Amino acid sequence: MEGKTYENKIVPRSEDYSEWYLSVIAAADLATYSPVKGCMIIKPNGYAIWEKVQEVLNKEFKKKGVQNAYFPMLIPEKLLTREAQHVEGFAPEVAVVTHAGGAKLDEPLVLRPTSETIMYEVFKDWIHSYRDLPLLINQWANVIRWEMKTKPFLRTTEFLWQEGHTVHKDEPEADAYARTMLGVYEKFFADYMAIPIIPGVKSESEKFAGALRTYTCEAMMQDGKALQISTSHNLGDNFAKAFDIKFLNEENNEVYGWQTSWGLSTRSIGGLIMTHSDDKGLVLPPKMASIQVVIVPIIPNPDSRAAIESAAMKVAESLGENISVHVDVRDMRHGEKYFDWEKKGIPVRIEIGPKDIEKNSVVIVRRDTGDKEFAPMENLVEKISDTLEKIQSNLYDRALAMQNENTVTVTNWDEFTAAIEDRKFVMAHWDGTDETEKSIKDEIGATIRCIPFDSVEEEGSCVKTGKPSTRRVLFAKAH
RNA sequence: CGAGAUGUAGUGUAACGGUAGCAUCCAUGCUUUGGGAGCAUGUGGUCAGAGUUCAAAUCUCUGCAUCUCGACCA
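Residues numbered from 1 in each chain as written. Chains lettered and ligands numbered in written order. Predicted model: local features only at pLDDT ≥ 70, side-chain atom pairs only at ≥ 80, totals over all residues.

1. A closer look at the sheet that holds strand 19 (residues 372-376)
Move 1: With respect to topology, five strands assemble into an open sheet ordered 16-15-17-18-19, the strand pairing being mixed. At either end of the open sheet lies a strand with only one pairing partner, and these are strand 16 (325-327) and strand 19. Ignoring strand direction, the axes of neighbouring strands in this sheet form an average angle of 25°.
Move 2: Where strand 15 (residues 293-297) lies against strand 17 (residues 348-352), five bridges are found, and the strand directions are parallel. Counted as the bridge partner of Val294 is Arg349 from strand 17.
Move 3: Across the face of the sheet, helix 10 (residues 334-343) comes into contact with strand 15 and strand 17 while running at roughly 170° to strand 15. (Pairing = 2+ DSSP bridges. Helix = DSSP H or I, 4+ residues; strand = E, 2+ residues; numbered from the N terminus. Axes fitted to C-alpha atoms, helices over the stretch in contact; angles between N-to-C directions. Contact = placed C-beta atoms within 7 Å.)

In structure tokens, the structure reads:
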């Protein structure tokens, strides 16, 4: 991926949303372009966010009985072609290895675009009895999808993700599990990423290639566009039949397994950036920040440096182990340090200078609001913990308010097109056909993001065709 | 892959066919220090190849790359 570099300048959101996004990534030093087109180098600041994602999700997965494993990146081509819809969906974006070891391969190997096929090829040998079920496996991996157009985090040729794959004894259990895992994602986004999402079901045309049903988390970015930020699929017995995943049930009958798969990728970091950041740069929710508090010593003259820095260290120690803190002792002017940490999104800044030491207090500055206040040194731990919690909930509330303000319900085509052009999330009736969905997409560029779980059943008529409809679905332009 | 645009230090920009310059960044030194410091010195560049010309960053051709817009997508 080649492209413009932005150095330290943040392009205002109002000017160009896409450039703003790229400039925030550059300023916070999260990622950079790779010599390979479409790929991205995730730098330490960006990878630290991914490590947080891994930490939190692994904990949640364990609670649900999921075990981590790892499968090869190279998949024999004929495995990929086993499930008809799956091949059709992925064929255009698969990269293939044709030569290795100095010779042409007898059978080409594909670089995994997802791991259903290679996993299920061995799952069939792991499962013999209903007592082996459910099988709950997750892997953290990279995958390759040869996309036409890429953008850091949101869409890259190679990306990191976790993909969970399960086998169950019947369809209801599989469906419930797919829903459960979507719930894990929903909770993760709400509680950690501070991103409010709209959970729901994908329409037929938007569902995963090979799935019976796809559940999704859709989030609204600050430009009003939707981001599909994670998905969970009920695969039915489509793959089980293609890969011969069978077991003996309680009645001693040989039956097919019922499967799910669910994934969350580095795209979620893109969603994090686009949800909270501002014209000063990245804004990290405290629970996703590897550094939650930065202490900047204010040094009026070189002679006072040692004393003030040691005072700053003491404050850092006093915050204890539950708050991650960094003392910035670089040889820079403090003003420059402020800007540096602001663009990196660190939630709280503590300033400590001679006047503060004299008064036995510090200055606390919030990244989300910019609010500055003096805080006495006593009870500083409580004060900081409290501030971090406030920032976490404020970010969520702010994003939720934005989503609510920009979600509208419409009844006719004029209202519909006006709202879509105005970058709203639009709840509208739809006749349920692929043709109507496609014609809406072709005409105005909006797609059905999902049929929200909380969409109530009601009589209505499709905004495009006027045909009868039983519930409203969520339309929006998507990233 | 189709259509259009653009390629000059790390970055951002100048130069009629005639000495490649400015700013920033980086490095060094001094002075500064409660919100992006100042001065001095220094390192570093015409996308690649061919052609036209006394002379090419500039004109022509080819290639490559990037950007914007479409088709694809977690």
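Further notes follow.
2. Describing the packing of helix 2 (residues 44-63) against helix 6 (residues 171-193)
Move 1: Look at helix 2 against helix 6: their axes get within 11 Å of each other, and the N-to-C directions meet at 140°. By the criterion of interaxial angle, the relationship of helix 2 to helix 6 is oblique. In the crossing of helix 2 with helix 6, the sense of the turn from one axis to the other is right-handed. Contact residues: Val56, Leu57 and Glu60 in helix 2; Val184, Phe188 and Tyr192 in helix 6.
Move 2: For the contact of helix 2 with helix 6, the class distribution of residues is five nonpolar, no polar and one charged. (Parallel < 35°, antiparallel > 145°, perpendicular 65-115°, else oblique. Left-handed = near helix turned anticlockwise from the far one by under 90°. Nonpolar A, V, L, I, M, F, W, Y, C, P; charged D, E, K, R; others polar.)

3. Brief notes about the nonpolar core
Move 1: Counting residues in hydrophobic clusters, the biggest one holds 106 residues, and the most contacted among them are Val24, Ile25, Ile273, Ile295, Val426 and Phe475.
Move 2: Excluding residues within four positions of it along the chain, Phe475 makes contact with Ile420, Val426, Ala428, Ala446, Ile448 and Arg449. (Core = buried A, V, L, I, M, F, W, Y, C linked by C-beta atoms within 7 Å. Buried ≥ 20, exposed ≤ 12 C-beta atoms within 10 Å, placed from the backbone.)

4. Things to note about the domain arrangement of chain A
Move 1: Looking at chain A, the domain boundaries give domain 1 (17-276), domain 2 (286-395) and domain 3 (407-476).
Move 2: When each unit is reduced to the centre of its C-alpha atoms, the spacing between domain 2 and domain 3 is 48 Å. (Domains from an automatic or database assignment.)

5. Observations regarding the packing of helix 2 against helix 8 (residues 267-276)
Move 1: Interaxial distance between helix 2 and helix 8 falls to 10 Å at its minimum, and their mutual angle equals 110°. Our classification of the angle between helix 2 and helix 8 gives roughly perpendicular. Residues Gly46, Ile49, Trp50 and Val53 of helix 2 touch helix 8, and the partners they reach there are Ser268, Ile269 and Leu272.
Move 2: Taken together, the residues of the contact of helix 2 with helix 8 break down into five nonpolar, two polar and no charged.

6. Things to note about the sheet that holds strand 6 (residues 103-111)
Move 1: If you trace the three strands from one edge of the open sheet to the other, you get 4-6-5, paired in antiparallel fashion. Single-partner strands in this sheet number two, and they are strand 4 (74-76) and strand 5 (96-100). Put simply, the sheet's adjacent strands are angled 50° from each other on average, direction ignored.
Move 2: With three bridges connecting them, strand 4 and strand 6 associate as antiparallel partners. Residue pairing in the sheet places Leu74 in a bridge with Leu111 of strand 6.

7. Thoughts on the confidence of the model for chain A
Move 1: The share of residues in chain A with pLDDT of 70 or more is 98%, and the mean pLDDT across the chain is 93.
Move 2: Across the interfaces of the predicted complex, the ipTM metric reaches 0.84, alongside a pTM of 0.94. (pLDDT = per-residue confidence, 0-100.)

8. Let's talk about the pairing of strand 7 (residues 135-144)
Move 1: Of the pairings in the sheet, the one linking strand 3 (residues 67-68) to strand 7 comprises two bridges and is parallel in character. Its bridge partner being in strand 7, Asn68 is matched across the sheet by Asn138.
Move 2: Here ten bridges tie strand 7 to strand 8 (residues 158-168), and the two strands are oriented antiparallel to one another. Of the residues in strand 8, the one forming a bridge with Trp140 is Gln162.

9. Here's the deal with helix 5 (residues 116-126)
Move 1: If you check which residues of helix 5 are buried, you get Glu116, Thr117, Met119, Tyr120 and Phe123. On an axial view of helix 5, the arc spanned by its buried residues comes to 155°, and they lie on one face. For helix 5, the exposed residues set more than 90 degrees away from the buried face come down to Val122 and Asp125. (Arc of directions from axis to C-beta.)

10. What to know about unusual backbone geometry
Apart from glycine, the bulk of residues carry a negative phi angle, and the bulk of peptide bonds sit in the trans form.
Move 1: The residue after Leu133, namely Pro134, is reached through a cis peptide bond having omega -5°.
Move 2: Inspection of the secondary structure puts Pro134 in the loop between helix 5 and strand 7.
Move 3: Not every positive phi belongs to a glycine, and Asn379 is a case in point at roughly 55°.
Move 4: Relative to the helices and strands, Asn379 is located in the loop between strand 19 and helix 12 (380-405).

11. Regarding helix 8
Move 1: The buried fraction of helix 8 is high, at ten of ten residues.
Move 2: Those residues of helix 8 that fall on the buried side of the exposure criterion are Arg267, Ser268, Ile269, Gly270, Gly271, Leu272, Ile273, Met274, Thr275 and His276.

12. Observations regarding the environment of Glu121
Move 1: Along the chain, Glu121 turns up in helix 5.
Move 2: Taking the C-alpha atoms as reference points, Glu121 and Gly466, 345 residues apart in sequence, are found 46 Å from one another.
Move 3: Excluding residues within four positions of it along the chain, Glu121 makes contact with Leu79 and Phe243.

13. Quick word on the environment of Trp146
Move 1: Tracing the backbone through its elements, the reader meets Trp146 in the loop between strand 7 and strand 8.
Move 2: Here the alpha-carbon distance between Trp146 and Asn45, two residues 101 residues apart in the chain, equals 26 Å.
Move 3: Among residues more than four places away in sequence, those in contact with Trp146 are Glu93, Val94, Ala95 and Thr157.

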